[in-house]
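Per-entry structural report
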Amino acid sequence: MEYKKNDVLTVTIDDIGNDGEGIGKVDGFTLFVKDAVIGDTVLVKIMKAKKHYAYAKLEKVITPSPFRVEPKCAFHRQCGGCQIQAMSYERQLQFKQDKMKGNLLRIGKFEEALIDRIMEPIVGMEEAFHYRNKAQFPVGTDKNGKPIVGFYAGRTHTIIENNDCLLGVPENKVILETILDYMERGSVSAYQEETGEGLIRHILIRTGFASKQIMVCIVINGDRLPDGGFLPREEELISGLRKIAHMTSISVSINKERTNVIMGKTVHTLWGSDTITDSIRIREGEDFKETGREIRFKISPLSFYQVNPVQMEKLYSIALEYAGLTGKETVWDLYCGIGTISLFLAQKAKQVYGVEIVPQAIMDARENAKDNGISNVEFFVGKAEEVLPKMYEEKGVYADVIVVDPPRKGCDAVCLETMLRMKPERIVYVSCDSATLARDLRILCDGGYEIVRGRGVDQFGQTVHVESVACLQRVDM
């Protein structure tokens, strides 16, 4: 049977989609329902119908799922950032474990018996709120012209006013209120996407969980003002922000482009340090309570740094464990960023080489290695798929272990081919998308490797995203 727009149906939700929407079927016809939870029986209205599936609006929860909970955030349905906040955290973890397994089965074409044997329990959070060390808030105005901050509603650029996101740290609210008060009292304009006019576009806040240091970077649509400052009555704003405990860095980023890119290419420090410092520790043992050496990192407004430092320690510690280092190995860390994994690996490797396409990240990586007194690492600027073949084919640099932590799109085909030619003993694959992970693991396994261990780490509670780590061993060892 075919269904059409405005049809009203009752459906039971049995899965969650990539964007957090509930999935259910009526007579074999698939319905995608935003804000529905696994186990819900709901009344829905079709908004957009295709031949075999439709997108539907949740009209009423007829029978709540046993996994449905009352969301802590009043804006969760409007905002869309916390797609599954209405589902219990325990069920969120099970969903993410199932998601990883499902992708390995469907996309990777691996045998279920293998996946069941090698997959270890997902690592959940002790606190699934207030875990983000970084937040970027768009600035706009309400219908009365008053400046507001918040988050974009799903698939739109309409700002949902919210200065107290429960995924961020409590200090964010005080910082945002200070800036909004400064804007309102001084008639400082907010950026308007429609016209390209207005001064303040975004507010970036970063917090060092270990150091407690706070960075604020205000993204502006302009250059210096006639009086020499970057902002009207600049000293007044700086004075207000400096009163906040642990404030370490206040800066502006200039972005005058008509673009969706948040940060500009130029950053100017207004007060304090150019960077903040944070640190992470290697964690071992089944409960990750055994801690090793502390590694410090300098973080600038433009640095890539995992947004959940508590879970990052566990994620990278798993990667280090999977690498199986004895102190004799040469290790390549591809897509290395500011060197977070590289410096972990250097604790137990003979030599580590890191590769990253962003020059500023490599500058930060080299500085971080120097600051931590780690000398057995070397970093290269460039694409992994270009640097790795060159070093291997022209200079004969080999690898006992290769660690990859690519962007969501996964590894480049040339990069995968080069890894197969280099034939390291082990490959450790850290992934933020289990779909592209499954695709790439299939290629590597077809090229002479087997998966021996795999584990998920929940870095993004209340959302559908999950990080994962897989260890591959060369078959002909």
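A separate point is the overall build of the protein. Scanning the protein from N- to C-terminus turns up eleven helices and 22 strands. Since a compact globule built from 477 residues should have a radius of gyration of about 23 Å, the 24 Å found for the protein is in line with a globular shape. In terms of overall dimensions, the protein has a C-alpha envelope of 70 × 65 × 40 Å along the principal axes. Per-residue burial for the protein yields a buried fraction of 55% across its 477 residues. Considering only intrachain contacts with a sequence separation of at least 6, the fraction spanning at least 24 residues in the protein is 64%.

Another aspect to go through is the layout of surface pockets. Empty space among the atoms becomes visible once a probe the size of a water molecule is rolled across them. Approximately 880 Å³ is the volume found for the second largest pocket. Every residue lining the second largest pocket is counted, 37 residues in all, and those nearest its centre are F304, E356, D405, P406 and P407. Mapped by element, the contributors of at least two residues to the lining of the second largest pocket are α7 (340-345), β17 (351-356), α8 (359-371) and α9 (384-395). Residue classes in the lining of the second largest pocket are distributed as 18 nonpolar, eight polar and eleven charged.

This paragraph deals with unusual backbone geometry. Phi at S187 takes a positive value of approximately 50°, unusual for a residue other than glycine. Within the secondary structure, S187 is located in the loop between α4 (171-186) and β10 (200-207). Here Y335, not a glycine, exhibits a phi torsion of approximately 60°, which is positive.

This part covers the pairing of β17. Within β17, six of the six residues are buried, which leaves the element mostly enclosed by the surrounding structure. Residues Q351, Y353 and V355 of β17 are buried on one face, and the alternating residues V352, G354 and E356, pointing to the opposite face, are buried as well. Relative to β17, strand β16 (residues 330-334) runs parallel, the two sharing five bridges. By the bridge assignment, V331 is partnered in β17 with V352. Of the crossover connections in this fold, the one passing from β17 over α8 to the parallel strand β18 (residues 377-381) is right-handed.

Attention shifts here to the environment of L104. Of note, L104 is situated in helix α2 (residues 89-106). Taking relative accessible area as the criterion, L104 reaches 8% and is therefore assigned buried. For L104 and R442, which are 338 residues apart along the polypeptide, the C-alpha to C-alpha distance reads 8.7 Å. Residues within four places of L104 in sequence aside, it is in contact with K109, F110, I115, M119, A438 and L441.

Structurally, N221 can be placed in the loop between β11 (214-220) and α5 (234-242). Residue class for N221 comes out buried when judged on its relative accessible area of 17%. One polar contact links the side chain of N221 to the main-chain carbonyl oxygen of G198, over a distance of 2.9 Å. Ignoring anything within four residues of it in the chain, the contact list for N221 reads Y191, G196, E197, G198, L199, R201, N255 and K256.

Turning next to the state of the cysteines. Applying the stated criterion to the full structure yields zero disulfides. Just so you know, C217 is unpaired, no disulfide at all, and the nearest cysteine sulfur is the one on C165, 19 Å from it.

Below, the discussion takes up the environment of I238. Structurally, I238 is set in helix α5. Exposure remark for I238: the relative accessible area of 3% places this residue in the buried category. Taking the C-alpha atoms as reference points, I238 and W271, separated by 33 residues in sequence, lie 7.3 Å from one another. Discounting residues that sit within four places of it in the chain, I238 has contacts with I250, L270 and W271.

Before going further, it helps to examine the pattern of salt bridges. Under the counting rule described, the total for this entry stands at 24 salt bridges. For the salt bridge of D371 with K298, the shortest nitrogen-to-oxygen distance reads 3.5 Å. Of this pair, D371 sits in helix α8 while K298 sits in strand β15 (residues 290-299), and the two are 73 residues apart along the sequence. One network of salt bridges, with partners in common, ties together D181, R185, R233 and E236.

Under the definition given, this model contains two cavities of 30 Å³ or more. Here the largest cavity is characterised by a volume of approximately 100 Å³. Lining the largest cavity we find 13 residues, and of these L104, L437, G454, S468 and V469 sit closest to its centre. The set of elements that each furnish at least two residues to the lining of the largest cavity consists of α2, α11 (434-446), β21 (449-457) and β22 (467-474). Looking at the lining of the largest cavity residue by residue, the classes come out as nine nonpolar, three polar and one charged. For the second largest cavity, the calculated volume is near 30 Å³. As for the second largest cavity, its lining consists of N133, R206, T207, I276, I299 and Y305. Across the lining of the second largest cavity, the residue classes break down as three nonpolar, two polar and one charged.

With mixed pairing, eight strands are arranged side by side in an open sheet as β6-β21-β22-β20-β19-β16-β17-β18. Bordering the open sheet on either side are β6 (119-123) and β18, each of which pairs with just one other strand. Between one strand and the next, the sheet's axes are offset by a mean angle of 15°, whatever the strand orientation. Relative to β6, α2 is tilted by about 145°, and along the sheet it contacts β6, β21 and β22. Where α11 meets the sheet, its contacts fall on β20 (426-431), β21 and β22, and the angle it forms with β20 comes to roughly 165°.

Our focus in this paragraph is the pairing of β20. Here β20 lies mainly inside the structure; six of its six residues are buried. Here β20 shows a buried face lined by R426, V428 and V430 and a second buried face lined by I427, Y429 and S431. Both strand β19 (residues 401-404) and β20 contribute to a ladder of four bridges, which runs parallel. Looking at the pairing, V401 lines up with R426 of β20. Taking the sense of rotation as the criterion, the β-α-β connection linking β19, helix α10 (residues 413-422) and β20 turns out right-handed. Relative to β22, β20 is paired through six bridges, and the arrangement is antiparallel. Counted as the bridge partner of S431 is S468 from β22.

Calculation criteria
Residues numbered from 1 in each chain as written. Predicted model: local features only at pLDDT ≥ 70, side-chain atom pairs only at ≥ 80, totals over all residues. Heavy atoms only, no water. Helix = DSSP H or I, 4+ residues; strand = E, 2+ residues; numbered from the N terminus. Rg over C-alpha atoms; globule rule 2.2 N^0.38 Å. Buried < 20%, exposed > 50% of the residue type's maximum accessible area, 1.4 Å probe, protein only. Contact = heavy atoms within 4.5 Å. 1 Å grid on protein atoms, 1.4 Å probe; cavity = no way out; pocket = protein on both sides within 12 Å on 5 of 7 lines; lining within 4 Å. Points joined across faces, edges and corners; volume = space filled by probe spheres on them. Nonpolar A, V, L, I, M, F, W, Y, C, P; charged D, E, K, R; others polar. Pairing = 2+ DSSP bridges. Right-handed = clockwise from strand over helix to strand, strands pointing away. Polar contact = N/O pair within 3.5 Å; in protein donor to acceptor, adjacent residues only side chain to side chain. Disulfide = S-S within 2.5 Å. Salt bridge = Lys/Arg side-chain N within 4 Å of Asp/Glu carboxyl O. Axes fitted to C-alpha atoms, helices over the stretch in contact; angles between N-to-C directions.

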